[in-house]
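# Descriptive analysis of the structure
Okay, here's what each chain looks like letter by letter:
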Amino acid sequence: MEQLKQRYCRFDMVCENPRSNSLEVVSMPEFFQIKPDIETSRTHVHPFYEIVWFTKGRGIHTVDFSRYEVSDNTIFFIAPGQIHSFDTNQNQEGFVIKICAHLLNDIINGDELLLKYNLFNTYDSVPYKRISLESAGLITDIIKLIVDEMDETATIGHRDYLRSLVTMLLIRIERSKLEQVDTFFSPNKTAHRVFLAFRREVELNYTKKHTVKEYAELLNVSTKTLSNYVAECASISPLEMINNRIILEAKRLLRYSDMMVKEIASVLGFEDPSYFNKFFSRIVKCSAVEYRTPE
């Protein structure tokens, strides 16, 4: 939390931590009525995971500088540190589910790695999924179970049961991807496991490791093998994924922090600020200073 506050010092940490059971579920449109403006229509960031399910309505949801059209049964996945805002003028209905990072970290191990790193932190693809009416009904049932269990704090096995329900929710959402043309990631396929592990390692290490070779060594594969696996799962190369994650964080810090450009360069692992400026300009097609102060 403190690291986020320092890194985004112009940002209000608008969402308070969910209550002691590590979850908060709020329905829309009530969400827009009870939450302050800085948590809805204004661009904001928070330190926990958020699932935003628009069951009905139209409008725009902005995530990390990109605008996405909302339609019925669209589910967005917002990871800690991501910047987003709502369009609140379209009579949207649905649910906002906040999950404290420590709860999601508790439930993620083994094959569940696929859930976390294929639903959240997907900076190489769109941050939402569209689901069928059938899946919507099943997901609604799980959310109802979660809401009921949230009040059973004194009941034996409460936290374990709640954790299991959250896992069930993520599994059900992930399975709904079979209804779409998106790539379905299987825990039984080596290329898929390595790709998602690579996505995880980039998220954990992008401020320290900038080369494909470094990540291949972390994953105990050759650079060629990693490139082949990424090519099977994504439309960009491993180096592009690494660079995109660095650039995304640079954009966040340039627009939403008071840090100097040389400080941002240092945070992102660049010893030489001039090299960072060349790197940023090459990819974004403008200098870091120009990006910070757009016309």
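Structure: see above.
In every chain, residue numbers begin from 1 and rise along the written sequence. Per-residue local features are limited, in this predicted model, to residues with pLDDT of at least 70; the limit for side-chain atom pairs, both in listing and counting, is 80 or more; totals at the level of whole chains, interfaces and linings are taken over all residues. Note that water and hydrogens are dropped before the side-chain values are worked out from all heavy atoms of the structure.

## Looking at the overall build of the protein chain
Strands here are runs of E lasting at least two residues and helices are runs of H or I lasting at least four, both read from the DSSP assignment and numbered beginning at the N terminus. When its secondary structure is counted, the protein chain shows 13 helices and eight strands. Pairs of residues are marked as contacts when any of their non-hydrogen atoms sit within 4.5 Å. A fraction of 73% describes how many contacts in the protein chain between residues 6 or more apart in sequence connect residues 24 or more apart. Accessible surface area values rest on a Shrake-Rupley calculation with a 1.4 Å probe, where residue burial reflects the displayed protein chains alone. Total accessible area on the protein chain stands at roughly 14,100 Å², and carbon and sulfur atoms take up 48% of it.

## Focus on the sheet that holds strand S5 (residues 74-78)
If you trace the five strands from one edge of the open sheet to the other, you get S1-S7-S2-S5-S8, paired in antiparallel fashion. The open sheet has two free edges, formed respectively by strand S1 (23-28) and strand S8 (128-130), since each of these has just one partner strand. Here the average twist between neighbouring strands, direction ignored, is 15°. Relative to S8, S5 is paired through three bridges, and the arrangement is antiparallel. When the bridges of S8 are listed, Thr74 appears paired with Arg130. Paired strands, as defined in this entry, are two strands with at least two bridges between them according to DSSP. Fitted lines through C-alpha atoms serve as axes, helices being fitted only where they are in contact, and the angles separating the N-to-C directions of these axes extend from 0 to 180 degrees.

## Topic: the nonpolar core
Most often, soluble globular proteins keep nonpolar side chains buried together rather than apart. Formed by 34 residues in total, the largest nonpolar core has its most connected members in Phe198, Leu226, Leu268, Phe276 and Phe280. For this core, the secondary-structure elements that each account for two or more residues are helix H7 (190-205), helix H8 (212-219), helix H9 (223-233), helix H10 (238-256), helix H11 (261-267), helix H12 (273-284) and helix H13 (288-292). It is H10 that provides the largest number of residues to this core, a total of seven residues. When near neighbours in sequence (up to four residues on either side) are disregarded, Phe276 contacts Ala250, Val261, Ile264, Ala265, Leu268, Phe270 and Ala288. One finds Ile99, Leu119, Ile143 and Val166 within the second-largest nonpolar core, a separate group that totals 26 residues. Nine residue types can take part in a nonpolar core, namely buried Ala, Val, Leu, Ile, Met, Phe, Trp, Tyr and Cys, and a core is a set of them joined through side-chain atoms within 4.5 Å. For every residue, the accessible area obtained with a 1.4 Å probe (protein chains only) is divided by the maximum for its type, and the residue is called buried under 20%, exposed over 50%, and partly exposed between those limits.

## Section: unusual backbone geometry
Residue Pro29 is bonded to the preceding Met28 through a cis peptide linkage, with omega at 15°. Mapping Pro29 onto the fold places it in the loop between S1 and helix H2 (30-34). Unlike most non-glycine residues, Asn73 shows phi in positive territory, near 60°. Position of Asn73 relative to the elements: it lies in the loop between strand S4 (66-70) and S5. The exposure class assigned to Asn73 is buried, which follows from its relative accessible area of 7%. Even without being a glycine, Asn220 presents a positive backbone phi close to 60°.

## Focus on the sheet that holds strand S6 (residues 84-86)
Spatially, three strands are ordered S4-S3-S6 in an open sheet, and the strand pairing comes out antiparallel. Looking at the sheet topology across the chains shown, the edges are occupied by S4 and S6. Taking each pair of neighbouring strands and ignoring which way they run, the sheet shows an average axis angle of 25°. Relative to S4, strand S3 (residues 59-63) runs antiparallel, the two being bridged by five bridges. Bridge pairing links Thr62 to Arg67 in S4.

## As for the packing of H7 against H8
Orientation of H7 relative to H8, taken along the N-to-C sense of each, is 120°, at an axis distance of 10 Å. Classified by the angle their axes make, H7 and H8 are oblique. Both H7 and H8 take part in a crossing whose hand is right-handed. Here H7 contributes Val194, Ala197, Phe198, Glu201, Val202 and Asn205 to the contact with H8, which in turn contributes Tyr215, Leu218 and Leu219. Residues were grouped as follows: Ala, Val, Leu, Ile, Met, Phe, Trp, Tyr, Cys and Pro as nonpolar; Asp, Glu, Lys and Arg as charged; and all remaining residues, including Gly, as polar. For the contact of H7 with H8, the class distribution of residues is seven nonpolar, one polar and one charged. Every angle not falling under 35 degrees, over 145, or within 65 to 115 is termed oblique; those three ranges are roughly parallel, roughly antiparallel and roughly perpendicular. Put simply, a crossing is left-handed when the front helix is turned counterclockwise from the back one by less than a right angle, and right-handed when it is turned clockwise.

## Looking at the pairing of strand S2 (residues 49-56)
Taken across its eight residues, S2 has seven buried, putting it largely inside the fold. The pairing of S2 with strand S7 (residues 93-99) spans seven bridges and is antiparallel. Residue pairing across strands places Val52 opposite Val96, the latter belonging to S7. Strand direction decides the pairing type here: S2 and S5, joined by five bridges, are antiparallel. Bridged to Val52 within S5 is Phe76.

## Side note on the packing of H10 against H12
Axis separation between H10 and H12 bottoms out at 11 Å; the angle between their running directions is 105°. Taken together, the axes of H10 and H12 are roughly perpendicular relative to one another. Every residue of H12 that contacts H10 at Asn243, Ile246, Ile247, Ala250, Lys251 and Leu254 is listed here: Phe276, Phe279, Phe280, Ile283 and Val284. Partitioning the contact of H10 with H12 into residue classes produces nine nonpolar, one polar and one charged.

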